[in-house]
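# Observations on chain architecture
Residue strings, one per chain:
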Amino acid sequence: MKVTQTAIAEVLVLEPKVFGDSRGFFLESFNARAFRDATGVDAAFVQDNHSRSAKGVLRGLHYQIRQPQGKLVRVVNGRVFDVAVDLRRRSPSFGKWVGVELSADNHRQLWVPPGFAHGFVVLSDSADFLYKTTDYYAPEYERCLAWNDPAVGVGWPLEGAPQLSGKDAQGKALAEAETFD
C-alpha cells in the first residue's frame, strides 16, 4: 500500500495495490498488520459504517468530544470530496483542514485520526461511503463543526447550496466549538 502524508502530517492518504484484468479487479481494503507497518498507526477498529448519499449532500463536520474516533474512510460507489479539520488546540495545525477526493475509481482511503472533525460532500449522482472507527458511536458526545465557518475556510467544491441534515445545519463555528486539548 502506498501512503502519502497530507498538509496535516497525521492525516494520511492510503492507496492499496489494485490487481485488475478484463474480469474486474481485486484489492485488499484492510489488513491490520499492513496498515500498522505502512502508517505507524496501531488502530483497533470497533465499528464499520456505510452511508449512501445523493449528489450535493454534505455530511459533517462531525466529531465526538469524548470517545473520539479515528476513521479509515473510503468510497465504493461514486465520488466525494472528503475533509478533515484539526481540532487539537495544542497542534500547530489547529483549525486547519485538508481535503481529498475519494472515489470508487481511485480506490483511495483516508486516515482521519482522533481529534479531528470529519465530513464530505458528494460529487457524483450518488456515493456509497464506508468507514471504520476506533471507538463506538456515542450520540451524547457527538458535536458538529460548521461546514462553512470562514475561520476554517474549507474549499468545498460545491455547485450551489449543499443538502444538509438539520443537525449539520446547526454546526458551531470553531470559536464556539468544543475542541481537544
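Preceding block: the structure.
The notes below deal with the structure included here. (Residues numbered from 1 in each chain as written. Predicted model: local features only at pLDDT ≥ 70, side-chain atom pairs only at ≥ 80, totals over all residues. Heavy atoms only, no water.)

The element strand β8 (residues 79-86) is extensively covered by neighbouring structure, given that seven of its eight residues are classed as buried. Sheet analysis places β8 next to strand β11 (residues 116-122), joined by seven bridges and oriented antiparallel. Looking at β11, one finds that aspartate 82 is bridged to phenylalanine 120. (Buried < 20%, exposed > 50% of the residue type's maximum accessible area, 1.4 Å probe, protein only. Helix = DSSP H or I, 4+ residues; strand = E, 2+ residues; numbered from the N terminus. Pairing = 2+ DSSP bridges.)

We now examine the environment of valine 11. Note that valine 11 resides in the loop between β1 (2-5) and β2 (12-15). In this structure, the C-alpha to C-alpha distance between valine 11 and phenylalanine 35, residues 24 residues apart in sequence, is 14 Å. Every residue in contact with valine 11, bar those within four places of it in the chain, is listed here: Thr4, Gln5, Thr6, Ala84, Val98, Leu110, Trp111, Pro113 and Phe116. (Contact = heavy atoms within 4.5 Å.)

Within the secondary structure layout, tryptophan 111 lies in strand β10 (residues 109-112). Between the C-alpha atoms of tryptophan 111 and arginine 59, which are 52 residues apart in sequence, the distance is 17 Å. When near neighbours in sequence (up to four residues on either side) are disregarded, tryptophan 111 contacts Glu10, Val11, Leu12, Leu14, Phe35, Val41, Ala43, Phe45, Gly70, Lys71, Leu72 and Thr134.

To continue, consider the nonpolar core. By size, the foremost hydrophobic cluster in this structure holds 19 residues, and its most contacted members are Tyr63, Val85, Leu87, Leu145 and Trp156. For this core, the secondary structure elements donating two or more residues are β6 (58-64), β8 and β11. Setting aside anything within four residues of it in sequence, one finds tryptophan 156 in contact with Leu58, Leu61, Phe81, Val83, Gly119, Phe120, Val121 and Trp147. In terms of nonpolar packing, the next biggest core, distinct from the first, is built from 17 residues, Ile8, Val75, Phe116 and Phe129 among them. (Core = buried A, V, L, I, M, F, W, Y, C linked by side-chain atoms within 4.5 Å.)

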